[in-house]
Structures are given as C-alpha cells and as structure tokens.
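Read off the chains here:
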Amino acid sequence: MSYVVGGIVILSLAGSALTAWVSSIKIKELIVDDAMQATSGLAEQGMLALLTGSNDNAEDAIKQVLGVKSVVGAAVIDADRKIIANQNIDIDKLIIPQSVGKDMGFEENENFFWFWKIVHINQGDIGLGEFDQHKQSVLGVVYVKLSKITLTNTSRDIFIATFLISTIVAVMLVMVVDITVNRLTRPINELADIMEEAERTGQHLQSDIEGAKEISQMSHAFNTLMKTLDDQDEQLRNHRDQLEQEVKVRTAELVQARDSALTASRHKSVFLANVTHELRTPIQAIIGYIDLVKEELEMDGMEDYTNDLAKVQRNAERLLVLINSILDLSKVEAGRMEIKKETILLKPSLEVAVDAISPLLDKHQNLFVGPQNPTELMVETDKEKLEQIVINLLSNACKFTKQGTISLDFECGEETFAIKVSDTGKGIPKAKLAEIFDEFRQVGQGSRPDRGSSSREFEGTGLGLAISQKFARLLGGEITVESIVGEGTCFTVTLPL
C-alpha cells in the first residue's frame, strides 16, 4: 500500500509542476503582449518628445507607462543616444538597435524583461524631402523595464493550489482504494495466516472464513487439502511402523551376517598365517639341501644335474617369496603385524633395496639412476617394512620395463618425506589405476583373474603393491601413483618423518 501512496504523491507533484509550467508559459505570453502594447504606447506618446527634445513630454509618457502593472522603469532616447527621459533604467547597459529590419523586440534575464521599440516618422509628415533620410526617419528608441515578480508569484501560486488540490484528491482516492482493498484482501490475509500457522506448527488446521465466492472456494479447497493430508499422515504412520519393524529384523540379520563374515575373515587370516608359517620352514629346508647337493655335484663336475637343480632352486625361492607375501598379508588383515619404529638413515636402506633388485635390472637390460638427493636424511620408521616397500616398488618397475630407465630418489618436507620410484615402462591405463593395489591383481588383468591374459605375460602374484600399500598405511603414510601409457609410471611413498 505504501508504494501506491508514494506513486500517487509523485504523480501529484509531477502534475502540479507540469500545470504550473504550462500556466507560466501562457501567463508569460499575456504579460509579453501587454508589455508590447505598453511599449508601443510609449513610442507613440514619446514621438513628440523626440521631435522637440522635450523632457516634460517624455516624463509624462513614462509616467503613464509606469502605471501599467509590473512595469518598473522606462526610458526615451533619441537617435544620437541622448537621454530625453529615464526612470529606473541603467542606460550604460542599453544598446540602441541599429537594424531597420526589426522595429520591436525584447530580452530577459532572471529578474526582468527589457522591451524596446524604434520610433519612426515618415518624411512627408515633417516636410524634409530627401535630406538626411536615415536620420530623419528614425527618431530614437523607447525602453520599458518589466519585473518578473508577478510571473513568478503567479506560477508559484498556481503550483501550490494545484498541488493542494491534487493531494486532497489523492488522499481521498487512497482512502477509497484502501477501504476497497481491505474488504477484498482481509479474508485472503486471514486464510494466509491460517496457512502460515499450519506450516509453522505442522497441524492440519481448518478454515471457517466467509467472503466472496472465490474466497469461499479457496477456503473449501484448503480444508479439503488439510483433510487429505490428515488421511495421508495416518497411512504414512502405519507404513512407518511396519517399516521400522522390518528394518529391525533386517538389521539384526545384517549384524549377524557381518559378525559371521568378520569372524570368518579373522579365521581365514589366522589360518593363512599359520599355514604359510608351517610351509615356509620346509621350503627353506629344501632350498638348503639343494645348495648342499649343488655344491657336491659341482665338485664332481656334473654340470647337467647342477642346471636342473638350479631350476628347482629358483622355483623353490619363488614359492618362498609367495609364501612370505601371503604371510605378511595375513598378518596385516589379522591385526598381528608389529611395527618397530627406530631412527635410521634413509640412504642406506635405499641402497639395501637397490642391491636386492640388482639381478632384475640386468634381466631386462634396464638402466638404474639414483638416488640423486645428497641430503643425509634421518627418519623414524620401521626399517624392514620401509625396505620391503621400496624393494616391491623397484621389483614392479623392473618387471614392467624393458631396456628402459628406472629412477629412485627422495625429498623431504616439513613433516613428511617422500620416496619416488619412476620407470619408462609400458605405463598403466587410467582406468586401471584404482585397481593396482588390490590383492592378486596385476595391470592388464581383467575383473576375473582366471580369465586374464596379460597377467601371465609377467611374473608375480599381484601381492607386492597390495602389501606395500598396507605397510605404508601401517607406518602412517600412503602410496600414490601417476602414469601415462607408453611413457612410464611414477610411484610416490609419502611417510611421516
């Protein structure tokens, strides 16, 4: 409503201003016409004074003009700019018109109008013939000074009167509109209040508002909606109670299934740990006996049998590595893996890892670079697990890189240090990066390991990266990987200092 009132007031002001402006223009035209007539009258009455140079005649003519409303000054000046008579006019600012093309005109400033008229006389009227034609035809000029006070006051009065009338009409119109709008909107506002209260309290309230036909229809529709919502809420409560009971039953079943699965997983991990531990001892004994037999055969010069025993020994060692990997994985999953942190120099541990994988570098004719960082970094970590992580990453790089370059380096931050293992091998597809740390999964292997094709292209069981990631997390860190197919792969081990 305030916008309506403001708009009406603005329209009233605009209308009043427009009316005053138009009226001032019309009044100005009337005043100019009257002043022109007064100036013409002064020119006629001052002609005799200009002919005779009589001041008295000119003063009489000026007094008659000063009797006209708003005229505050007048002057009679001959063609030689001699003042015949003057009342309230600054002669120094006047310029006698010289053009014969325009005999009468006016100028204005902020406070006054200045009207002028050139006084002519025909040569025949005074019998001068052709002598000094221009001087005798123009006798002089008369001036009339007219004040703008009347025009200003009249315009102001018109504006005030128009504004007052418009304001009174506007107030009356606002009152009528307000009464009419209130009669129409009061039932709607009451219905809106009921809706707002229903929304705020969540109750399904009923409306008994009466009014116009449309208002009654809205109230009836609202009541119908509230009744429908009551029925739906009752149905939802019944469904909710039923679902809550079913959820309790399903939750109990899921808890039981989860507990059974966790128990089975723990039993599996314990069983694998025990079995692999029992298998590792005889495998180590077999490898030891093979070494003894190889020495005796070499001493007897039986090289053919020695080569066969070397094949048996390599497979036994491969089996021992697999058993050790399964044992480590089982210990981690069973929560039996111990962490023995100590302060160590990082470089010697990296050199141990490099020495361990040296035969793999020669196998595929790879070039090894690193570490390049000259810093003697002291870290607090589990030495054996750190070396195992680096060995697994270097072994993985050697396995998937042929006639390329394998790099090892480290860097230190404020709270962590990072070990980076890079290669120029075949690379890992982006879609496979999320799977490389899964157990028994190799790059290129399908979602079903028994149907994989490229997994047999390389040696290994798919446990190295999985165990390395678990070891890194046990040490409070993480292994990340970046790879571009055809260019190579970079594994980064980030651990706390």
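Residues numbered from 1 in each chain as written. Predicted model: local features only at pLDDT ≥ 70, side-chain atom pairs only at ≥ 80, totals over all residues. Heavy atoms only, no water.

1. What to know about the pairing of strand β12 (residues 488-496)
- Taking burial as the measure, the 9 residues of β12 include 7 buried ones, the bulk of the element.
- Here strand β10 (residues 416-423) runs beside β12; their pairing, made up of 8 bridges, is antiparallel. When the bridges of β12 are listed, Ser422 appears paired with Cys490.
- Two strands pair when backbone bridges link them, and strand β11 (residues 478-484) and β12 are joined in this way by 7 bridges, in the antiparallel orientation. Within the sheet, the bridge partner assigned to Glu478 lies in β12 and is Thr494. (Buried < 20%, exposed > 50% of the residue type's maximum accessible area, 1.4 Å probe, protein only. Helix = DSSP H or I, 4+ residues; strand = E, 2+ residues; numbered from the N terminus. Pairing = 2+ DSSP bridges.)

2. A closer look at helix α11 (residues 383-399)
- Between its first and last C-alpha, α11 extends 24 Å over 17 residues, near the 24 Å set by a 1.5 Å rise per residue.
- Taken across its 17 residues, α11 has 12 buried, putting it largely inside the fold.
- Residues Lys385, Leu386, Glu387, Ile389, Val390, Ile391, Asn392, Leu393, Leu394, Asn396, Ala397 and Cys398 constitute the buried set of α11. (Expected span 1.5 Å × (residues − 1).)

3. Notes on the side chain of Thr381
- Along the chain, Thr381 falls in strand β8 (residues 378-382).
- With a relative accessible area of 2%, Thr381 lands in the buried category.
- Look past the residues within four positions of Thr381 in its chain and what remains in contact with it is Lys340, Lys341, Glu342, Ile344, Leu386 and Leu475. (Contact = heavy atoms within 4.5 Å.)

4. Quick look at the pairing of β11
- Because side chains alternate across β11, one face comprises the buried residues Ile479, Val481 and Ser483, and the other comprises Glu478, Thr480, Glu482 and Ile484, none of which is buried.
- Connecting β11 to the next strand, β12, in antiparallel fashion are 3 residues, including Gly486 with a positive phi near 90 degrees.

5. Quick look at the packing of aromatic side chains
- Applying the stated criterion across every chain yields a total of 6 aromatic pairs.
- For the ring pair Phe113 and Phe115, a centre distance of 5.9 Å and an interplane angle of 40 degrees mean the geometry is tilted. Each member of the pair, Phe113 together with Phe115, is buried.
- Just above the ring of Phe112 sits the side chain of Lys145; from NZ or CZ to the centre is 4.3 Å.
- When the ring centre of Phe471 is taken as reference, the NZ or CZ atom of Lys385 above it lies at 5.8 Å. (Phe/Tyr/Trp six-rings, centres within 6.5 Å; stacked < 30°, edge-to-face > 60°. Lys NZ or Arg CZ within 6 Å of the ring centre and 35° of its normal.)

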